[in-house]
Amino acid sequence: MRTAVTVSALALAALVIGSTAVQASPVAHAASAPSQPGAGSGAKATAAVRIGSAGKAAPAVTTGSAGKAAPAVTTTPVAKAAAAVGKTASTRKGDPTPTATPVPTPTPTSTSTADPLSQSFSVDTVSYGPHIRQRMDVWQHSDGRVRPGVFLIHGGWWSSGDKKYMTAVSRSYAEQGYVVFNINYRLSGEAAWPAQRTDTLDAIATARRHAALWSFDPKAYVVVGFSAGGHLSTAVGTYKEGLPGLRGVVGISPVVSPLTAYNEGADTADANRRKLRESAIRLAGGCEPGECPKVWNSMEVPLHASRGDAPVLTLHSDEEFVPAEHSIRLKDRLARFGVHMTVLTEPGAEHSSPMYRLPGVAETVQAWIAARLL
C-alpha cells in the first residue's frame, strides 16, 4: 500500500487518494455486483437479437462461492461487428461542460511479465472532483505499454450502489490488458440530474487529460454501465456530437428511457417498476415530467442521438423489468443518423450483474469491446 499523495490546493479536484498493488489471478473474474434494477417489461422477442448457443465460443464466466471464474473468451460472432464511428465536437445548449484539474503522478509499486495473466497491477483511488463521491479506482499496468481503456459505471437506482461492487469486473478487464477506470458519481439524493452525467464526463476528461500517468490511450476507450449506470453510459455516448476517443458504449440492462420507466411504473403491481418510477422522479429533482419537461428531456437518451455518436451494444433479459424496448427506442433513433447499435436478449428475467454472469454474456461483451479497442 502506498501512502496518500499530498498536493497543492490547485490539484484538489483530482488527486491520488491511495494505491495498492494487486496480483492478477490466472483467470478472469465474473461480475460480483448485486442486481441493480431498472424498469419495464413487454418487449417483443422479435425486436432484438437473442444470444443463443451460437454466440457462446467457450464456457461462460461464472462466479462460485469461492469467487473463481472460468477463463474469458473473446472470440464470438459479435467480434466481427463494424468498427467505431468517428467523433466530432460540438455543443448542445444547456449541456454541462466537464472540467478536470491536474492529477499528480502516482509512484509505481508493481511489476509485470510478458504473460498478461501473471502480471500485477496497481490500483489507485483518484479524485476527479471535490465531492466524496467523485472518485474512481484506476487499474493500471506497470510495463509502460500504452493501452486502451474501459470505464465502468455501477448501477443502483441512481440513488445507491458503489464502485466496490464492480471490483471483480474491473479485475477481469485489467487482466485482458486494458487500463480500467471504475467510477463513483454523486447519487440522486446528493445532487439531481445532470450531476450524474457531469460526473461521468469529468471522470473521463480527467483520465484523458492525464492519460500518461496510467499509460492510457485517450484515443481508444469504451464506457460500460450496469442498469442505472447503463443510463449514464448511453447518455455519455449520445452527449453532444460524440466524445473524442470514445469507440463504443455498452449497457447491461440499461435504463435508456427514464420516461418509459415513469410510464410503466404508474399502474402496476410490480414493485421494481414502481420503485424505478420513483427513482426517476428523484433523479429529476423530485419533479414529474409535466412539471419539468426540460429536465426529463435531458434525461431521455434517445432524444440526444446524433451522427457523431459511438456504436452501442446493449443486453437485456426477455422478462426483466428493464425490457429491450428501452434499447430499441435508442436503436431506432441512432439508425436515423447511421450509427450502429446492437440489442441482444437473453432468456429469463435476470437483471444487470446477474444477467452479465449468465453463460456467454460476459464473453459476448468482451468480444464486442475487443473488436473496437484491440
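Rules used in this analysis
Residues numbered from 1 in each chain as written. Predicted model: local features only at pLDDT ≥ 70, side-chain atom pairs only at ≥ 80, totals over all residues. Heavy atoms only, no water. Helix = DSSP H or I, 4+ residues; strand = E, 2+ residues; numbered from the N terminus. Buried < 20%, exposed > 50% of the residue type's maximum accessible area, 1.4 Å probe, protein only. Contact = heavy atoms within 4.5 Å. Areas by Shrake-Rupley, 256 points an atom, 1.4 Å probe, with all protein chains shown as cover. Disulfide = S-S within 2.5 Å. Pairing = 2+ DSSP bridges. Phe/Tyr/Trp six-rings, centres within 6.5 Å; stacked < 30°, edge-to-face > 60°. Lys NZ or Arg CZ within 6 Å of the ring centre and 35° of its normal. pLDDT = per-residue confidence, 0-100.

Peer 1: In this structure, what is going on with the overall build of the chain? I would like to understand it.
Peer 2: A tally of helices and strands in the chain yields nine helices and 10 strands. Each of the 374 residues in the chain was classed as buried or not, and the buried ones make up 59%. Restricting the contact set of the chain to residue pairs at least 6 apart, pairs at least 24 apart contribute 78%. Split by element, the accessible area of the chain, about 14,100 Å² in all, is 55% carbon and sulfur.

Peer 1: How do you make sense of the state of the cysteines when you look at a structure like this?
Peer 2: Disulfides are covalent bonds that link the sulfur atoms of two cysteine residues. With the rule as written, the count across this model stands at one disulfide. Bridging C287 to C292, the disulfide has an S-S length of 1.6 Å. On the sign convention where negative means left-handed, the S-S torsion of about 85° between C287 and C292 marks this disulfide as right-handed. Residue C287 shares its accessibility class with C292, and that shared class is buried.

Peer 1: It is not clear to me how the pairing of strand β4 (residues 135–141) should be interpreted in this structure. Could you clarify?
Peer 2: Within a regular strand, side chains alternate between the sheet's two faces. Of all seven residues making up β4, seven are buried, and the element is well covered by its neighbours. Going residue by residue along β4, you find R135, D137, W139 and H141 tucked away on one face and M136, V138 and Q140 tucked away on the opposite face as well. By the bridge criterion, seven bridges tie strand β3 (residues 120–127) to β4 in an arrangement that is antiparallel. Bridge pairing links S127 to R135 in β4. Examined bridge by bridge, β4 and strand β6 (residues 179–183) share four bridges and lie antiparallel to one another. Within β6, the residue paired with W139 across the bridge is V180.

Peer 1: Help me out: how do you make sense of the packing of aromatic side chains in this one?
Peer 2: The description of two aromatic rings rests on the distance between their centres and on the angle between their planes. The final tally for this structure, using the stated rule, is 10 aromatic pairs. Ring geometry for Y173 versus Y178: centroids 6.2 Å apart, planes at 50°, classification tilted. For R277, the ring lying beneath its charged end belongs to Y262, and the centroid distance is 3.9 Å.

Peer 1: So what exactly am I meant to see when it comes to the confidence of the model for the chain here?
Peer 2: Reading fine detail from the predicted coordinates is not recommended where pLDDT is low. Looking at the chain, pLDDT values average 79 and 69% of them are 70 or higher. Considering only residues more than four positions removed or in separate chains, one finds that residues 1–14, a stretch of pLDDT under 50, has 31 contacts. Here residues 24–118 is modelled with pLDDT under 50, and outside its nearest four sequence neighbours on either side it reaches 257 contacts, counting other chains as well.

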